[in-house]
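In case you want the letters, here they are:
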Amino acid sequence: MLLCDTARLVPTTLVMSTIETGRPVAPDSIRSEPLELPRRLAAYAFVLVGCVYFQWRLGTINPDAPVFSWLIYGAEIFGFVTALVHIFMCWRLS
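Remarks on the side chain of Arg 57
At step 1: Summarising the element assignment, Arg 57 is placed in helix α2 (residues 37-57).
At step 2: Those residues within four positions of Arg 57 in sequence are excluded, and the remaining contacts are Ser 69, Ile 72, Tyr 73 and Glu 76.

Structural notes on the pattern of salt bridges
At step 1: Under the criterion given, the structure shown has two salt bridges.
At step 2: Note that Arg 39 is salt-bridged to Glu 36, the shortest N-O span being 3.4 Å.
At step 3: Residue classification places Arg 39 among the exposed positions, given a relative accessible area of 52%.

Side note on the packing of aromatic side chains
At step 1: Inspection of the entire model under this criterion finds seven aromatic pairs.
At step 2: With centroids separated by 5.8 Å and ring planes inclined at 40°, the aromatic side chains of Tyr 53 and Trp 56 adopt a geometry described as tilted. Highlighted residues: Tyr 53 and Trp 56, both in helix α2, separated by three residues, approximately one helical turn.
At step 3: Of the aromatic side chains, those joined through ring pairs into one cluster are Phe 46, Tyr 53, Phe 54, Trp 56, Trp 70, Tyr 73 and Phe 80.

So, the environment of Leu 84
At step 1: Within the secondary structure, Leu 84 is located in helix α3 (residues 66-90).
At step 2: Considered as a pair, Leu 84 and Phe 46 are 38 residues apart in the sequence and their alpha carbons are 8.9 Å apart.

Some remarks on a nonpolar patch on the surface
At step 1: A cluster of nonpolar side chains, Ile 77, Val 81, Val 85, Phe 88 and Met 89, forms an exposed patch at the surface whose accessible area comes to about 500 Å².
At step 2: Along the chain, the position of Met 89 falls in helix α3.

Remarks on the confidence of the model for the protein chain
At step 1: With 66% of its residues at a pLDDT of 70 or more, the protein chain has an overall mean of 80.
At step 2: Mean pLDDT values over the elements of the protein chain span from 50, in strand β1 (residues 2-5), up to 95, in α3.

Thresholds, definitions, all that
Residues numbered from 1 in each chain as written. Predicted model: local features only at pLDDT ≥ 70, side-chain atom pairs only at ≥ 80, totals over all residues. Heavy atoms only, no water. Helix = DSSP H or I, 4+ residues; strand = E, 2+ residues; numbered from the N terminus. Contact = heavy atoms within 4.5 Å. Salt bridge = Lys/Arg side-chain N within 4 Å of Asp/Glu carboxyl O. Buried < 20%, exposed > 50% of the residue type's maximum accessible area, 1.4 Å probe, protein only. Phe/Tyr/Trp six-rings, centres within 6.5 Å; stacked < 30°, edge-to-face > 60°. Patch = residues over 30% accessible without salt bridge, like charges linked within 9 Å, V, L, I, M, F, W, Y side chains within 5 Å. Areas by Shrake-Rupley, 256 points an atom, 1.4 Å probe, with all protein chains shown as cover. pLDDT = per-residue confidence, 0-100.

Right, here's the structure in full:
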């Protein structure tokens, strides 16, 4: 959650730390844990299977309805990229 502080956005944790201690907390002191090995393997498998799937999917484009086929393909890629961004954001959790 972000709070507005003099025309710039400041993370809530930084604001709360400032309120509680009276001084700001450096971002380096925020603890985080990397993903465990099984979750990392699942993320790598997701990327690998996704790449193989999209390579295969190019061969299934319907020549009778190319616009619709490419729209569906684009939507699938958008969903895949969205999932990748989510994985990237959750890679190190605090």
